[in-house]
Amino acid sequence: MQQEVDPLDFYSSLGGIHSFRFLWDRAPGLCLSAAGCTKVFEYTGINRFNQAQRFVDSIFSCLVSPQVCPSLARPKVLLAFSFFDAPLLFSKDVPGVQAVLPRWQLSRQKGQCWLRLQRTLGEGVTPSSLTEELWEQSRQLVALLDDFKDGQLDKTGAFILSSSDWEEQYRSALKLALELVESKILRKLVLAARQELFLDKPMDLLQLVRKLRVSQRGSCRFLWQKNEASSVFGASPERLISLHKGRLKIDALAGSTWDGPNAKDLLSSQKDRLEHELVVDAITEVIQQSGLVPRRNGPPRLARHGALAHLHTLICADMLGHPPLSLAGMLHPTPAVAGVPRTEAMNVLRHLEPFERGLYAAPLGWIDSDGDAELRVAIRSGSMEGNLLRITAGAGLIAGSIAEQELNEVELKLGVIRNHLTPL
């Protein structure tokens, strides 16, 4: 497309009526809206990352694509994994992985805009008809440009009628979790809380994403709409994997505080540095086990995301042709969202958390036809079903953790989403 557009503006209108929609917003950076499903894969089980990689490989081996194609315009398979391999209640949760080759892709990066249509040829679908469909959609999008010139930040249009008391439930689980880390049964546990907000009407998620662009500039905003009744959204500061031209980048993000005058104290906090190094060590070990050579960019630095500051270490490696989703499966979940030892921590979370995590803290993102990929850890997130908004956040517990401080941290993280709404 010759004119620059904001894919977020066209999220709802791209491609006409489709139940599945997806938004990836790293502005500045790659911004992508997608709609419709040309190919879909769902799988639940311990082998889900490898099965997803096979699906991706099979899709791209059959795809007709120009040999020379800018990275933003390449076909992408969109991916959403659940936190656990399988939910406890299969009928009430998401599959272990959802993978979608979308029908429409509208992408923008560094001033370039591309519109892509992907359909299976045959049964009346011809190269000529695809060209006409693509041209007509492009014409319609250009005609809508004037409607989005102002880019105003309106209210999300929804008010909080009532909310659940997450603290009471969390305190009892927190007490048990702290006993486990103090007794050294676990070296670390990331215990999550969930708050349910009942709204006067469904929230305008696009307006919320616009607000998160301002309040969470350094994060990647995302919106995964499986159907019209169910959406997962958020602003993730954490890359599980980012792969570009064979170079791997991973964020070790652990140790958090309020981004106030004393935020720099995090760098000298023995408790937070220990919690952070557990994450760095676990990621480094996985990379080494994969036959790759990890490199870290020195000691942790302070990364600021909205009202929160975190300890951050960037870990890099050369992928050497390693399948990205297989590596993602080895990395997930890192101690930043689960615990140490991993298996024992996962079992404890199943018993202490009175809800299904679903997509919370799980990998979500894309992989393209050239092997580039980015999966974010779906934290600072929520899910929307009708008038019910669920927001989830966790805190990392190690020996020496103080209950009230961990409660305050969870409250800050829940506020990333909740503070954009207004009580009625």
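Scroll up to find the structure.
As a starting point, this report considers the structure included with it. What you are looking at is a predicted structure, and each value in this text was computed from that prediction instead of being measured.

Attention shifts here to unusual backbone geometry. Between His332 and Pro333 the backbone carries a cis peptide bond, its omega angle lying at -10°. Here Val340 and Pro341 are connected by a cis peptide whose omega angle stands at -10°. Tracing the backbone shows Pro341 in the loop between strand S15 (339–340) and helix H7 (342–352). Residue Glu123 is not a glycine yet carries a positive backbone phi of 55°. Of note in the backbone geometry, Leu320 takes a positive phi value of approximately 55° without being a glycine. Structurally, Leu320 can be placed in the loop between strand S14 (308–318) and helix H6 (324–331).

On to the pattern of salt bridges. Oppositely charged side chains are able to pair whenever their charged atoms sit close together. Enumeration according to the criterion identifies 31 salt bridges in this entry. The salt bridge involving Lys226 is made with Glu42; its shortest N-O contact spans 3.8 Å. Here Lys226, found in strand S8 (residues 220–227), pairs with Glu42, found in strand S2 (residues 31–43); they are 184 residues apart in sequence, far enough to count as distant. Among the residues examined, Glu42 registers a relative accessible area of 43% and is labelled partly exposed.

Ranked by internal contacts, the top residues of the largest apolar core, which has 93 residues, are Val77, Leu79, Met203 and Leu389. The element contributing the most residues to this core is helix H3 (residues 166–182), with 7 residues. Every residue in contact with Val77, bar those within four places of it in the chain, is listed here: Phe55, Val56, Ile59, Phe60, Ala99, Val100, Leu101, Gly365, Trp366 and Ile367. Listed in part, the 18 residues of the second largest apolar core include Ala80, Cys220, Phe222 and Leu359.

Turning our eyes to something else, we now look at H3. Given a rise of 1.5 Å per residue, 17 residues ought to cover 24 Å, and the 24 Å separating the end C-alpha atoms of H3 matches this to within 8%. Those residues of H3 not exposed but buried are Trp166, Tyr170, Ala173, Leu174, Ala177, Leu178 and Val181. Its buried side turned inward, H3 meets strand S7 (188–199), H7, strand S19 (388–397) and helix H8 (403–418). One side-chain oxygen of the residue at the start of H3 lies 3.3 Å from the amide nitrogen of Glu167, identifying that residue as Asp165. Positive phi appears at Lys184, one or two residues downstream of H3, with a value of about 70°.

Here we come to the environment of Leu302. Topologically, Leu302 is positioned in strand S13 (residues 301–305). Once the C-alpha coordinates of Leu302 and Leu267 are considered, the two residues, 35 residues apart in sequence, prove to be 7.2 Å apart. Among all residues touching Leu302, those that are not within four sequence positions of it are Ala263, Lys264, Leu266, Leu267, Ala309 and His310.

Further remarks concern empty space enclosed by the protein. Evaluated as defined, the whole model comprises 4 cavities of 30 Å³ or more. One number sums up the size of the largest cavity: a volume of about 180 Å³. Leu253, Ala336, Arg380, Gly394 and Lys413 are the residues nearest the centre of the largest cavity, which is lined by 18 residues in total. For the lining of the largest cavity, the secondary structure elements donating two or more residues are strand S11 (247–258), S19 and H8. Counting residues per element, the lining of the largest cavity draws most heavily on S11, at 4 residues. Looking at side-chain class alone, the lining of the largest cavity contains 8 nonpolar, 5 polar and 5 charged residues. Looking at the second largest cavity, its volume works out to about 60 Å³. As for the second largest cavity, its lining consists of Trp166, Gln169, Tyr170, Ala173, Ala192, Ala193, Arg194, Leu352, Glu353, Pro354 and Phe355. Residue contributions to the lining of the second largest cavity peak at 4 residues, all from H3. Within the lining of the second largest cavity, the residues separate by chemical class into 8 nonpolar, 1 polar and 2 charged.

What follows covers helix H1 (residues 48–62). Its 15 residues place the ends of H1 21 Å apart at the C-alpha level, agreeing with the 21 Å of an ideal helix rising 1.5 Å per residue. Of all the residues in H1, the buried ones are Arg48, Phe49, Ala52, Gln53, Phe55, Val56, Ile59 and Phe60. The buried residues of H1 occupy an angular sector of 160° when the element is viewed end-on, so they sit on one face. Opposite the buried face of H1, by more than 90 degrees, sit the exposed residues Ser61 and Cys62.

Conventions used here
- Residues numbered from 1 in each chain as written.
- Predicted model: local features only at pLDDT ≥ 70, side-chain atom pairs only at ≥ 80, totals over all residues.
- Heavy atoms only, no water.
- Helix = DSSP H or I, 4+ residues; strand = E, 2+ residues; numbered from the N terminus.
- Salt bridge = Lys/Arg side-chain N within 4 Å of Asp/Glu carboxyl O.
- Buried < 20%, exposed > 50% of the residue type's maximum accessible area, 1.4 Å probe, protein only.
- Core = buried A, V, L, I, M, F, W, Y, C linked by side-chain atoms within 4.5 Å.
- Contact = heavy atoms within 4.5 Å.
- Expected span 1.5 Å × (residues − 1).
- Polar contact = N/O pair within 3.5 Å; in protein donor to acceptor, adjacent residues only side chain to side chain.
- 1 Å grid on protein atoms, 1.4 Å probe; cavity = no way out; pocket = protein on both sides within 12 Å on 5 of 7 lines; lining within 4 Å.
- Points joined across faces, edges and corners; volume = space filled by probe spheres on them.
- Nonpolar A, V, L, I, M, F, W, Y, C, P; charged D, E, K, R; others polar.
- Arc of directions from axis to C-beta.

Interpretation note: all reported values are geometric properties and have no functional meaning in isolation.
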